[in-house]
Amino acid sequence: MNISKNNNSDKQQPKGTLGTFGGVFTPSILTILGIILFLRLGYVVGQGGLWQTLIILALANGISVLTTISLSAIATNLTVKGGGDYYLISRTLGLEFGGAIGLVLFFAQSVSIAFYCIGFGEVISGIFQAQAVYFPQIIAAVAVGFLFIFAWLGADWATRLQYVVMAVMIAALISFFVGGLIKWDSALIVENWKANSGAPGFWVLFAIFFPAVTGFTQGVSMSGDLKDPGRSLPIGTFLAVGLSLLIYFFACILMAGSLPKETLVGDYNSMQYVAVVDFLIVAGVIAATLSSAMASFLGAPRILQSLSGDRIFPVLNPFSKGVGPSDNPRRGVLFSGLIALCTIAIGNLNLIAPIVSMFFLVSYGLLNYATFFEARSGSPSFRPRFKFYDYRVSLVGGVACLVVMLAINVTAGVVAIALLAAIYQYLKRTAGPSRWSDSRRSYHLKMIRQHLFAAAEENEHPRSWRPQLMVFTSDAKRRRAIIQFGSWLQGSSGISAAVQVIEGKGAAMVKYREMAAAELRKNIKAEKAEMFPLVISTPDLEIGIHALIQSYGIGPVHPNTILANWIEPMPRIESDENARELGRYMRIAFRQECNIVLLNIKAQEWGDPAEQTADRKQIDVWWAGDASSRLSLLFAYILTQHPKWQDIRIRVLDTVYDKDSGKTVADLEQALSDFRIDAVPEIVPIRDINTVVAYSADAALVFFPFRLKNYTPLDFFGNSLDQLFSMLNKSVAVLATTDIDLDAEPDEGGAADLAAAKDAYAAALKKAEKAEQEAEELSQQAEEKLKKLQAAALSNADEDTVRRLNADALAAKDAAVKAARKAAKWSAKVINYKNDLEKLGEVIPDD
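Residues numbered from 1 in each chain as written. Predicted model: local features only at pLDDT ≥ 70, side-chain atom pairs only at ≥ 80, totals over all residues. Heavy atoms only, no water.

**Student:** Looking at this model, I keep getting lost on the packing of aromatic side chains. Mind explaining?
**Tutor:** By convention here, two paired aromatic rings are described through the distance between centres and the angle between planes. Taken as a whole, this structure holds 33 aromatic pairs when the rule is applied. Geometrically, the ring pair formed by Phe176 and Phe177 is edge-to-face, given 5.3 Å between the ring centres and 65 degrees between the ring planes. We classify Phe176 as buried; its relative accessible area is 1%. Overall, the relative accessible area of 22% leaves Phe177 in the partly exposed class. Each member of the aromatic cluster is reached from another via a ring pair, and the members are Trp566, Trp622, Tyr695, Phe704, Phe716, Phe717 and Phe725. Directly above the ring of Tyr268 sits Arg40, whose terminal nitrogen or CZ lies 3.8 Å from the centroid. In this structure, Arg376 is placed above the aromatic ring of Tyr391, and the distance from its NZ or CZ to the ring centre is 4.5 Å. (Phe/Tyr/Trp six-rings, centres within 6.5 Å; stacked < 30°, edge-to-face > 60°. Buried < 20%, exposed > 50% of the residue type's maximum accessible area, 1.4 Å probe, protein only. Lys NZ or Arg CZ within 6 Å of the ring centre and 35° of its normal.)

Below, the structure is given as structure tokens:
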């Protein structure tokens with residue numbers, strides 16, 4: 001058997017060359033230890049005080065740690081390919097979520113290149129004290145061009161550049177920590193412990209600091225260039241998050257213990273005053289901005305390449321092509337560079353910067369949710385090699401991301417979510433079938449299991465009845481019409497199966513059944529019907545249908561209605577014999593308590609009922625006041641809930657054979673009002689089949705009851721159905737096996753019967769226990785009186801005493817016998833009520 005695998009492209013996935021250190025740890029740690037550390041950490045410590053800063057650090061890194069745990073679980077459960085966050089989310093939540101987050105992440109990372117490069121330009125402007133307005137933008141554009149060269153050459157070259165940057169960063173941090181230890185002043189710690197007077201609010205400071213931790217997934221974007229993504233992603237990300245947390249923690253302590261509050265608050269370059277060699281801090285700022293920009297320049301094109309390879313957005317398909325053995329996405333590099341240059345040219349970064357930050361937070365939230373979704377789907381395939389995982393961790397991480405989004409900037413958060421939702425809805429309407437398997441099917445199957453067991457625990461009631469159709473479609477010429485009618489008849493609540501039964505045996509039937517199933521699926525798809533295809537082969541048609549009706553379904557979901565074309569199963573036999581043959585099959589269904597609906601339509605297609613002329617815009621229901629009539633009326637109502645039938649009215653036609661029948665339109669109106677169904681009632685003086693045809697010949701559809709007699713289906717005149725069907729163009733005959741109470745109240749039905757039976761059982765059990773106790777007490781009294789009588793006789797008591805004691809003993813014995821009979825009577829009632837409960841599905845354990 002040839003089993004194909006889903007890939008991001010038609011060619012074989014190229015093997016990555018990067019390890020944990022160069023591919024994950026380095027880009028992640030360099031992005032985390034960015035411009036916030038060098039230029040904003042001191043401000044946050046000065047304004048918020050050390051205690052608030054440590055809380056901010058804990059909360060921000062808490063999200064990083066929770067998301068890293070989720071990342072580790074999902075990355076070790078899949079063979080991770082290129083695309084990073086996009087790949088993990090799309091392979092779990094589906095192409096709609098994946099496509100939406102992939103597109104906005106590519107845009108966010110491309111714009112981030114411009115952010116970091118403009119930060120680099122401002123630092124250079126400060127060094128040279130340039131006064132030109134556009135000097136920072138010019139420097140930023142030059143930086144984009146410089147980084148573009150490394151991104152164009154590939155991840156290996158870019159990684160070498162990052163090693164140089166890392167060396168500069170290490171030197172800057174060493175200079176700062178050594179200077180902090182030298183200049184340590186415990187008094188300053190006390191001063192900087194409390195918040196500054198007039199300081200911004202907690203969430204404002206949190207928003208300033210939070211971008212510092214958003215780079216921990218930069219290594220994830222390099223997943224396609226890694227030798228072993230499943231191993232490198234969790235290890236490299238955990239190391240980057242853990243080490244950066246320690247660096248930020250000790251940096252906060254040294255800032256608070258080395259500089260006065262005024263310096264921390266008033267000078268963004270306060271870290272230079274702590275360092276032993278202040279120029280190294282400037283070099284660190286330059287290195288931080290360039291390294292963050294380089295990481296985005298590497299990540300954005302790879303997300304675009306993976307997204308394009310999945311062919312979700314046809315306009316992006318050309319970007320799936322890579323160059324060289326590492327499949328370097330040069331077209332994506334060019335596109336990201338153009339976006340970065342356009343962003344620099346616009347210059348107004350404050351407008352879109354908050355939304356871009358929200359996109360990163362959304363991606364973290366979705367990554368947590370995707371892992372939670374995968375874990376809660378209950379699929380045996382969820383077997384992550386990362387063992388330190390619990391689904392509640394991912395749930396907390398996802399909720400934390402949402403809370404932080406709204407706390408930082410409600411407007412930007414809402415705009416980001418709205419954009420994602422818009423892309424999601426667009427993809428849901430336009431995207432074709434997914435090219436890979438995600439976790440949604442596993443989740444749906446788990447929900448089905450839970451809901452089936454929950455439904456099975458509830459008692460059946462007319463209020464919860466819905467059409468569960470088994471649609472027989474053996475006649476290929478009339479298949480489209482009956483599938484379409486079945487989809488209307490089931491409404492939005494029923495479940496239907498389109499069934500084809502093939503008579504025959506032998507090995508050839510296996511292939512023939514597969515071909516028939518493929519054709520049936522094609523027909524269902526063409527009609528856009530919500531049905532499950534089912535094709536079975538059987539050596540004997542009658543036995544096969546009998547077994548099918550008995551066995552199809554699961555738990556509380558099983559067919560309650562059979563829908564078939566008139567004279568469909570045996571077209572090779574003449575009409576009368578064919579009707580009896582069909583009648584035998586209907587008798588099988590009837591005995592299995594399935595309603596029977598026979599469709600008679602001469603055309604192969606229905607057309608549009610809404611286009612009927614005004615005099616044909618009605619459904620006629622011929623009323624006999626029986627269970628079949630009520631089921632016909634319910635089916636007509638369900639039909640009118642479909643958009644194609646919503647303008648069609650229902651007309652209920654009751655019949656009278658003589659003037660003294662007592663039937664009135666008012667009675668029929670009252671019945672329809674009780675049923676809560678809008679219909680036009682009419683009393684028809686009827687004589688024969690011609691009257692029915694005269695009234696309903698122009699109706700869009702006609703429902704009428706029928707019955708079975710000696711395997712022959714008959715109309716309500718006692719004639720063969722074939723006569724009436726031959727005279728009506730579009731008609732439906734209905735035979736109900738059980739009566740559906742159309743005006744059933746909640747306190748009626750199985751639940752009420754079970755409650756009454758439970759109450760009766762409890763009352764009987766209580767009375768039986770009381771009767772047994774009384775019988776036991778009276779039996780003891782009778783024994784005591786008998787002992788007294790025997791003692792008196794032995795002691796030669798006088799005759800009057802013996803006579804009195806004897807009478808008392810006889811009376812006590814008689815009372816005990818009556819009490820024992822009463823107890824036995826109530827015990828028998830308890831057994832009867834217990835049997836009644838068991839018949840209703842309630843199991844009472846034996847004492």
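The structure having been displayed, the exposition proceeds.
**Student:** Before we go on, may I ask you to explain the pairing of strand β9 (residues 701-705) in this structure?
**Tutor:** As a general feature of sheets, a regular strand has side chains that alternate between the two faces. With five of five residues buried, β9 lies mostly within the body of the structure. Two strands pair when backbone bridges link them, and strand β6 (residues 618-623) and β9 are joined in this way by three bridges, in the parallel orientation. When the sheet's bridge partners are listed, Val621 is paired in β9 with Phe703. Relative to strand β12 (residues 730-735), β9 runs parallel, the two being bridged by four bridges. (Helix = DSSP H or I, 4+ residues; strand = E, 2+ residues; numbered from the N terminus. Pairing = 2+ DSSP bridges.)

**Student:** Honestly, the packing of helix α3 (residues 41-75) against helix α9 (residues 202-209) in this entry has me stumped. Any pointers?
**Tutor:** Helix-helix packing: each pair is described by the crossing angle between the helix axes and the interaxial distance. With their axes 9 Å apart at the nearest point, α3 and α9 run at an angle of 80 degrees to one another. In terms of orientation, α3 and α9 fall into the roughly perpendicular class. Here Leu41, Tyr43, Val44, Gln47, Gly48, Gln52, Ile55, Ile56, Leu57, Leu59 and Ala60 of α3 come into contact with α9, specifically with Phe202, Leu205, Phe206, Ile208 and Phe209. Partitioned by chemical class, the residues of the contact of α3 with α9 number 13 nonpolar, three polar and no charged. (Axes fitted to C-alpha atoms, helices over the stretch in contact; angles between N-to-C directions. Parallel < 35°, antiparallel > 145°, perpendicular 65-115°, else oblique. Contact = heavy atoms within 4.5 Å. Nonpolar A, V, L, I, M, F, W, Y, C, P; charged D, E, K, R; others polar.)

**Student:** I would appreciate a short explanation of unusual backbone geometry in the present structure.
**Tutor:** With glycine set apart, most residues show a phi of negative sign, and most peptide bonds adopt trans. At Lys528, a residue that is not glycine, the phi angle is positive and equals roughly 55 degrees. Of note, Lys528 is situated in the loop between α20 (508-526) and β3 (531-538). The exposure class assigned to Lys528 is exposed, which follows from its relative accessible area of 77%. Phi is positive for Arg676, which is not a glycine, with a value near 60 degrees. Relative to the helices and strands, Arg676 is located in the loop between α24 (665-675) and β8 (680-685). With a relative accessible area of 59%, Arg676 lands in the exposed category.

Geometric values such as these leave the question of function open.
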